[in-house]
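What follows is the residue order along each chain.
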Amino acid sequence: MKTNLKSIFDFSPTPRDNPVLLRAQYVAFSQQMPMMYFILLSSTWALALTYLHTAPRLLSLGVPCLFTVMCGARILFWLRSRGDTPPIAAVASSMRRINILGAVIAAAFTTWSCLLYPYGDAFQKSHVAFYMAITVISCIFCMMHVRSAALMVTAIVNGTFVVFFASTGHLTLIATAINILLVCFGMLVVLKINYDNFEQMVLAQQKTEALSNENLKLANIDSLTELPNRRAFFHHLDTSFTLAQAENHRLAVGVIDLDGFKPVNDLYGHSAGDRLLKEVGERLQDVCNAESMFLSRLGGDEFAFIISAQVNENTVLAAGNLMGSKLRIPFETPDATIMISASIGIAIYPDVASTPEELFDRADYALYQSKREHRGNSTLFTTKHIVEIHRDARVEQTLRQADLANELSVVYQPILDVNSGKTVGFEALARWNSKLLGTVPPAQFIPIAERAGIINMLTKPLLKKALATAKTWPQDIRLSFNLSAQDINSAEATLGIVAIIANSGFDPQRLDLEITETAIIHDTRQARKSVEMLRKIGCGISLDDFGTGYSSLTSLHSLPLTKLKIDRSFVRDIQDSDASYNIVRSLLTLSREMGLDTIVEGVETQAELAVIKALGGTLVQGYVFSRPIQADDVHAFLNGCVEDSLQQWA
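So, here's what we can say about the structure.

Procedures and definitions
- Residues numbered from 1 in each chain as written.
- Predicted model: local features only at pLDDT ≥ 70, side-chain atom pairs only at ≥ 80, totals over all residues.
- Heavy atoms only, no water.
- Helix = DSSP H or I, 4+ residues; strand = E, 2+ residues; numbered from the N terminus.
- Rg over C-alpha atoms; globule rule 2.2 N^0.38 Å.
- Buried < 20%, exposed > 50% of the residue type's maximum accessible area, 1.4 Å probe, protein only.
- Lys, Arg positive; Asp, Glu negative; His and termini not counted.
- Charge placed at Lys NZ, Arg CZ, Asp CG, Glu CD.
- Axes fitted to C-alpha atoms, helices over the stretch in contact; angles between N-to-C directions.
- Parallel < 35°, antiparallel > 145°, perpendicular 65-115°, else oblique.
- Left-handed = near helix turned anticlockwise from the far one by under 90°.
- Contact = heavy atoms within 4.5 Å.
- Nonpolar A, V, L, I, M, F, W, Y, C, P; charged D, E, K, R; others polar.
- Polar contact = N/O pair within 3.5 Å; in protein donor to acceptor, adjacent residues only side chain to side chain.
- Expected span 1.5 Å × (residues − 1).
- Bend = angle between axes of the 7 residues up to and from the residue.
- Phe/Tyr/Trp six-rings, centres within 6.5 Å; stacked < 30°, edge-to-face > 60°.
- Pairing = 2+ DSSP bridges.

**Looking at the overall build of the protein chain**
Of regular secondary structure, the protein chain possesses 25 helices and 16 strands. Over its C-alpha atoms the protein chain spans a radius of gyration of 44 Å, topping by over 25% the 26 Å that the globule rule assigns to 650 residues. Based on the C-alpha atoms only, the size of the protein chain along its principal axes is roughly 145 × 50 × 50 Å. The proportion of buried residues among the 650 residues of the protein chain is 49%. Side-chain charges of the protein chain comprise 56 positive and 63 negative groups, with the mean position of each set lying 9 Å from the other.

In structure tokens form, the structure reads like this:
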């Protein structure tokens, strides 16, 4: 380590721009101060006793007593302050006082020893020289962490020591003074090296701690939104849950999933999606009460929150609805004005859960129900959902073990042209008569199969049965069959569908495969490839539940569609709803301009049918004509039931 005179005699105080180093110096210094004062007192009384009978009492007893009181007070002060961590401003102030006090003490003890000197013989005078040497050496070691104070004490004591003994003209004392001066110089070099090592060690610890804190931050903070991440969320959930148990209070967990986010990435790119997610995080933070709500981004377009104060059904639902309303406000981006919404699932401890894992799972299930039944709104997990979970679990296990080829069946709902009064096709609808559970409604077992990832197990036997039945129909009657997201989001699954169609002997030109917008936005790129593959073999592609998703126009442009199906939610009581009327009219106009056929599904009353007819709707299906019928009844239906129904409507 390079050391020069300028660095050795650097009297500058401790830099204040590094509080960590300043505090470390203070801690090390405070631990050594009691020992320094003890050395001073023991050396002082040893010298005082030497001059007890030769020097005046004021010098031999009075001054040492005064020094004892002063040093004793300082020893008590430093002993009592051990372990304390004063504010950094107090530390800086204390370090400044140490420099002043060090100079005062050095001057006082040096002056006292010089005043004793004339009263002693040769041995006593040598003791004075020894005393001054011991004083400066002990101070250098004890004050090594406050270099400015150590150097000041050394300068005062050594300067006085050399000048005073040089003035005596005694060769031995002069040699002693010079020797002590050289020894102190060497000790200052050692002090400089040790201090630099100490400083480097503190700085290294500081860097290590900063790096550790940064790693901890990176491990617990989402870099995009700067919200706590999934790891931090579950750690906070465990902590909050333990506290809620100990203090016997309620705790709520909410899971947020954005509706309509996937098309943003597909249409505008991931950079636009990232900007949107960042602004979503900012809006949610504006809503959350930092003291009682913990907000986190779990990943992708999923967020979560924990409420630990004033938890009841009304407050948590109000919080969720407020978040939802904030996210429904359009987002202005450089690319476009983007509109999304958020579905939220909420669960409360101890009402519906006994562990943090169960509480989160309950909230996640409520989210699933919200997206399924109340998209864009908040759903609170209740005891009703517990019954559903047990029921769904039983249905799922039964599905996995069922003889699906024999237990599944297909019924057919007619699709009619209201202008000609003719049936143009039938939609195949699944039915399941379980040997263990009996008849299970499709609205129950199909979502369960989709969520469990086993919907492909149902698609294949159902498609084979539907194609075998449709093969017996007249050549002008089409078959519509629903595909799930899993059927088109996997190349292997789609190839399996193609193989079934090819082996059935049914003309693919008469087959319309229905897909939902939800299936498309799950994996747009693969969905497009699958749809193109199915179109190449001649199948028509219908976009089911058109208008209920968030990628309608994108889907129309990116996929080779042949038909649209307008969802029942827009048709219900259309004669009394201006909003529904305008939506259906717009959708029919759009489909005509795009050159696509449109099927209006879910028409159940004559009043609804009259409005659809007036708006120019042609293809209709619904209970107003017929409920789904068995395969054996299709030919009977084609032979006359339609005309009776249409005459009744007319």
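**Comments concerning the packing of helix α4 (residues 88-116) against helix α6 (residues 147-168)**
Running from N to C, α4 and α6 cross one another at 20 degrees; their axes reach a closest spacing of 8 Å. Between α4 and α6, the angle falls in the class roughly parallel. The handedness of the crossing between α4 and α6 is right-handed. Contacts between α4 and α6 involve I98, N99, G102, A103, A106, A107, T110 and C114 on the former and, on the latter, S148, A149, M152, V153, I156, V157, T160 and F164. Of the residues contributing to the contact of α4 with α6, the split by class is 11 nonpolar, 5 polar and no charged.

**Structural notes on the side chain of S370**
Here S370 is to be found in helix α12 (residues 356-373). One polar contact links the side chain of S370 to the main-chain carbonyl oxygen of N377, over a distance of 2.6 Å. Discounting residues that sit within four places of it in the chain, S370 has contacts with S343, I344, R375, N377, S378 and T379.

**Looking at the environment of V264**
Among the secondary structure elements, V264 is positioned in helix α9 (residues 262-268). Note: C-alpha distance between V264 and I98 (166 residues apart in sequence) is 64 Å. Ignoring anything within four residues of it in the chain, the contact list for V264 reads G269, A272, G273, L276 and I338.

**With respect to the environment of E608**
Counting through the fold element by element, E608 comes out in helix α24 (residues 606-614). Residues E608 and V571, spaced 37 residues apart in sequence, show a C-alpha to C-alpha distance of 6.9 Å. Setting aside anything within four residues of it in sequence, one finds E608 in contact with R568, V571, R572, D573, I574, Q575, G602 and V603.

**What to know about helix α2 (residues 19-50)**
Side chains of residues three or four places apart in an α-helix project in the same direction, reflecting 3.6 residues per turn. Its 32 residues place the ends of α2 46 Å apart at the C-alpha level, agreeing with the 46 Å of an ideal helix rising 1.5 Å per residue. Where α2 bends most, at Q32, the angle is about 35 degrees, and the proline P34 comes one to four residues later.

**As for the packing of aromatic side chains**
Applying the stated criterion to the full structure yields 14 aromatic pairs. Judged by centre distance (6.2 Å) and plane angle (45 degrees), the ring pair of Y365 and Y368 falls under tilted. Here the residue Y365 and the residue Y368 both occupy positions in helix α12, the gap between them amounting to 3 residues, near one helical turn. Note on Y365: relative accessible area 5%, which makes it buried. Geometrically, the ring pair formed by F426 and F637 is edge-to-face, given 6.1 Å between the ring centres and 70 degrees between the ring planes.

**What to know about helix α10 (residues 270-287)**
Across its 18 residues, α10 extends 26 Å between first and last C-alpha, which sits within 8% of the 26 Å expected from 1.5 Å per residue. Looking only at α10, the buried set comprises A272, G273, L276, L277, V280, G281, R283, L284 and V287.

**With respect to the sheet that holds strand β2 (residues 293-299)**
The strand order β2-β3-β1-β6-β7 describes an open sheet built from 5 strands, whose pairing is mixed. Among the strands making up the open sheet, the edge pair consists of β2 and β7 (378-380). Strand-to-strand twist across the sheet, computed as the mean angle between neighbouring axes with direction ignored, equals 20 degrees. Sheet topology note: the strand β1 (residues 251-259)/strand β3 (residues 302-307) ladder contains 6 bridges and is antiparallel. Pairing of A252 across the sheet is with I307, part of β3. With respect to the sheet, helix α8 (residues 230-247) is in contact with β1, β2, β3 and β6 (341-349), its orientation differing from that of β2 by roughly 145 degrees.

**Some thoughts on the pairing of β3**
Buried residues dominate β3, accounting for 6 of its 6 residues. Of the two faces of β3, both are covered, the one formed by E302, A304 and I306 as well as the one formed by F303, F305 and I307. The pairing of β2 with β3 spans 6 bridges and is classified as antiparallel. Its bridge partner lying in β3, M293 is registered against I307. What sits between β2 and β3 in their antiparallel hairpin is a turn of 2 residues, with G300 showing a positive phi close to 60 degrees.

**A look at the packing of α12 against helix α13 (residues 383-401)**
Axis separation between α12 and α13 bottoms out at 11 Å; the angle between their running directions is 85 degrees. Judged by the angle between their axes, α12 and α13 are roughly perpendicular. Contact with α12, carried on its side by R362, Y365 and Q369, involves H385, I386, E388, I389 and D392 of α13 and no other residues of that element. A breakdown of the residues in the contact of α12 with α13 according to their chemical character gives 3 nonpolar, 2 polar and 3 charged.

**Description of unusual backbone geometry**
For residues other than glycine, phi is negative in most cases, and the peptide bonds are mostly trans. Geometrically, the link from Y349 to P350 is a cis peptide bond, its omega value of 5 degrees lying close to zero. Within the fold, P350 resides in the loop between β6 and α12. Of note in this structure, E226 is not a glycine but carries a positive phi near 60 degrees. Position of E226 relative to the elements: it lies in the loop between α7 (171-220) and α8. One non-glycine residue, N248, adopts positive backbone phi at about 55 degrees. Tracing the backbone shows N248 in the loop between α8 and β1.

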